[in-house]
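# Chain and residue survey
Residue-level listing of the chains:
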Amino acid sequence: KQDDAAAQALLLQALKDQYEGLRTFTLGKLDMKKSTVKTAAEKAIADLAKADPKSTVRAKAIDLLGSYANATYADIFKTGIRDSSYAVAGASLESLAEVNNDAAVEAVKQLSAQPAKGQLLGAITSVAAKNGLEEAFPTIAATFGSMPLTQTKFEMLQPLAMLISKMKSPEK
């Protein structure tokens, strides 16, 4: 029903609601496979990604904004990488990798020297694995080794294995 103009208007109104839970819920329910929904919601999503006061909303909006693969949003992603929220920084790094892989690689080189958790750690590992960034391996491996046995650790196994398979220096 998201093709319907009235339904789209309701969704766009919900994205402007004062309650952050409704904004996050609505972002999660947008059917981005439908071009009419994607086009209608683009400005509202960009606004949330830039300026929403809640990091959970910004992270979800940045995730969705990355699906547009539009280089004009690169500045939003670069700003988001420096956010204090690991979710926002991780979503920003993943989205930046979609529009400007070279900038994402540079960001990973800087971020791998700092502590990371959650979505940011997953994004660093993913970008490092995709690009074979050996210099990120020590930090990723140390963090992985110190993690308890959780879902996050299992989710890191594939990109970590991919990074290891691309490494050329066996001594690392």
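Below you will find a few notes about this structure. Small disclaimer: the values here were computed from a predicted structure and weren't measured.

## What about the overall build of the protein?
The helix and strand tally for the protein stands at 10 helices and 0 strands. When the helices and strands of the protein are read in sequence order from the N terminus, they spell out α-α-α-α-α-α-α-α-α-α. Taking 172 residues into account, the globule formula puts the C-alpha radius of gyration at 16 Å, and the protein, at 17 Å, falls close to it. Its C-alpha atoms give the protein principal-axis dimensions of about 60 × 30 × 25 Å.

## Details of the packing of helix 4 (residues 55–66) against helix 6 (residues 86–99)
A packed helix pair is summarised by two numbers, namely the angle formed by the two axes and the spacing between the axes. Between helix 4 and helix 6, the shortest axis-to-axis distance is 8 Å and the interhelical angle comes to 10°. Compared by their axis directions, helix 4 and helix 6 come out roughly parallel. Contacts from S55, R58, A59, I62, D63 and G66 in helix 4 reach A87, V88, A91, S92, E94, S95 and E98 in helix 6. Taken together, the residues of the contact of helix 4 with helix 6 sort by class into 5 nonpolar, 4 polar and 4 charged.

## Observations regarding the environment of V127
Inspection of the secondary structure assignment puts V127 in helix 8 (residues 118–131). Along the sequence, V127 and V105 sit 22 residues apart, while their C-alpha atoms lie 6.8 Å from each other. With residues up to four places along the chain from it excluded, the contact list for V127 reads L93, A97, A104, V105 and V108.

## Focus: the side chain of R23
Topologically, R23 is positioned in helix 2 (residues 20–29). Setting aside anything within four residues of it in sequence, one finds R23 in contact with A14, L15, D17, Q18, L48, D52, P53, K54 and V57.

## Focus on helix 3 (residues 35–51)
Under the 1.5 Å per step criterion, the end-to-end length of helix 3 is 24 Å for 17 residues, consistent within 8% with the ideal 24 Å. Within helix 3, the axis deviates most sharply at E42, by approximately 50°. Within the sequence span of helix 3, burial applies to V37, A41, A44, I45, A46, L48 and A49. Residues of helix 3 that are buried sit in contact with helix 1 (5–14), helix 2, helix 4 and helix 5 (74–81).

## Considering the packing of helix 2 against helix 4
The contact between helix 2 and helix 4 brings their axes to 9 Å, and the two run at 20°. Classified by the angle their axes make, helix 2 and helix 4 are roughly parallel. As for the relative orientation of helix 2 and helix 4, their crossing is left-handed in sense. Two secondary-structure elements touch here, helix 2 through E20, R23, T24, L27 and G28 and helix 4 through T56, V57, K60, A61 and L64. Residues that form the contact of helix 2 with helix 4 fall into these classes: 4 nonpolar, 3 polar and 3 charged.

## Topic: the packing of aromatic side chains
One pass over the full model with this rule turns up 1 aromatic pair. Geometrically, the ring pair formed by Y68 and Y73 is edge-to-face, given 6.5 Å between the ring centres and 65° between the ring planes. K38 extends its terminal NZ or CZ atom over the ring of Y68, reaching a point 5.1 Å from the ring centre. Above the plane of the ring of F144 lies K153, whose end atom (NZ or CZ) is 4.9 Å from the centre.

## Notes on the nonpolar core
Ranked by size, the top nonpolar core spans 54 residues in total, and within it L27, L30, I45, L65 and L93 carry the most contacts. Not counting residues within four places of it along the chain, the set of residues in contact with L93 comprises I81, A104, A107, V108, L111, L120, A123, I124 and V127.

## Digging into the environment of L133
One can find L133 in the loop between helix 8 and helix 9 (137–146). Using a relative accessible area of 7% as the deciding quantity, one classes L133 as buried. Between the C-alpha atoms of L133 and L163, which are 30 residues apart in sequence, the distance is 7.4 Å. Apart from the residues within four sequence positions on either side, L133 is in contact with V105, V108, K109, A128 and L163.

Conventions adopted
Residues numbered from 1 in each chain as written. Predicted model: local features only at pLDDT ≥ 70, side-chain atom pairs only at ≥ 80, totals over all residues. Heavy atoms only, no water. Helix = DSSP H or I, 4+ residues; strand = E, 2+ residues; numbered from the N terminus. Rg over C-alpha atoms; globule rule 2.2 N^0.38 Å. Axes fitted to C-alpha atoms, helices over the stretch in contact; angles between N-to-C directions. Parallel < 35°, antiparallel > 145°, perpendicular 65-115°, else oblique. Contact = heavy atoms within 4.5 Å. Nonpolar A, V, L, I, M, F, W, Y, C, P; charged D, E, K, R; others polar. Expected span 1.5 Å × (residues − 1). Bend = angle between axes of the 7 residues up to and from the residue. Buried < 20%, exposed > 50% of the residue type's maximum accessible area, 1.4 Å probe, protein only. Left-handed = near helix turned anticlockwise from the far one by under 90°. Phe/Tyr/Trp six-rings, centres within 6.5 Å; stacked < 30°, edge-to-face > 60°. Lys NZ or Arg CZ within 6 Å of the ring centre and 35° of its normal. Core = buried A, V, L, I, M, F, W, Y, C linked by side-chain atoms within 4.5 Å.

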